[in-house]
Amino acid sequence: MKTALFILGIAALLVGLLWTAQGAGLINWPASSFMIDQRPWVTRGAIVAFAGLVLILLSRRR
């Protein structure tokens, strides 16, 4: 269970950071992405990244 939480946390953290960077216009990949330079994705990405951090911390505590 700890390993699954850790892997899920890492995945959520990476996806959240990607969404945040795309929403801020820092990453323009893929070029046809609807998230590029769209401010709501900065917030959504930060929330997902934070959830990933929480999952990582939970996997390390148990």
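Residues numbered from 1 in each chain as written. Predicted model: local features only at pLDDT ≥ 70, side-chain atom pairs only at ≥ 80, totals over all residues. Heavy atoms only, no water.

Draft legend 1. View of the environment of R60. Within the fold, R60 resides in helix α2 (residues 40–61). Given a relative accessible area of 65%, R60 falls into the exposed group. (Helix = DSSP H or I, 4+ residues; strand = E, 2+ residues; numbered from the N terminus. Buried < 20%, exposed > 50% of the residue type's maximum accessible area, 1.4 Å probe, protein only.)

Draft legend 2. Focus on a nonpolar patch on the surface. There is a patch of nonpolar side chains on the surface, built from F6, I7, I10, L14 and L17 and spanning about 450 Å² of accessible area. Mapped onto the fold, L17 is located in helix α1 (residues 2–23). (Patch = residues over 30% accessible without salt bridge, like charges linked within 9 Å, V, L, I, M, F, W, Y side chains within 5 Å. Areas by Shrake-Rupley, 256 points an atom, 1.4 Å probe, with all protein chains shown as cover. Salt bridge = Lys/Arg side-chain N within 4 Å of Asp/Glu carboxyl O.)

Draft legend 3. Examining the packing of aromatic side chains more closely. The final tally for this structure, using the stated rule, is 2 aromatic pairs. Judged by centre distance (5.8 Å) and plane angle (70°), the rings of F34 and W41 are edge-to-face. Take F34: its relative accessible area is 61%, and that puts it in the exposed class. Among the aromatic residues, those joined into a ring-pair cluster are W19, F34 and W41. In this structure, R44 packs its charged tip against the face of W41, placed 4.7 Å from the ring centre. (Phe/Tyr/Trp six-rings, centres within 6.5 Å; stacked < 30°, edge-to-face > 60°. Lys NZ or Arg CZ within 6 Å of the ring centre and 35° of its normal.)

Draft legend 4. Seen up close, the pattern of salt bridges. Under the defined criterion, the tally for this structure stands at 1 salt bridge. Between D37 and R39 there is a salt bridge; the shortest N-O distance is 3.8 Å. Here R39 falls in the exposed class, since its relative accessible area comes to 52%.

Draft legend 5. Spotlight on α1. Between its terminal C-alpha atoms α1 stretches 31 Å, which fits the 32 Å expected from 22 residues at 1.5 Å a residue. All of the buried residues along α1 are L5, G9, A12, L13, G16, A21, Q22 and G23. Residues of α1 that are buried sit in contact with α2. Just downstream of α1, G25 is the residue with a positive phi angle, here 80°. (Expected span 1.5 Å × (residues − 1). Contact = heavy atoms within 4.5 Å.)

Draft legend 6. Representation of unusual backbone geometry in the model. Here the amide bond leading from W29 into P30 is cis, since omega sits at -15°, within 30 degrees of zero. Mapped onto the elements of the fold, P30 is located in the loop between α1 and α2.

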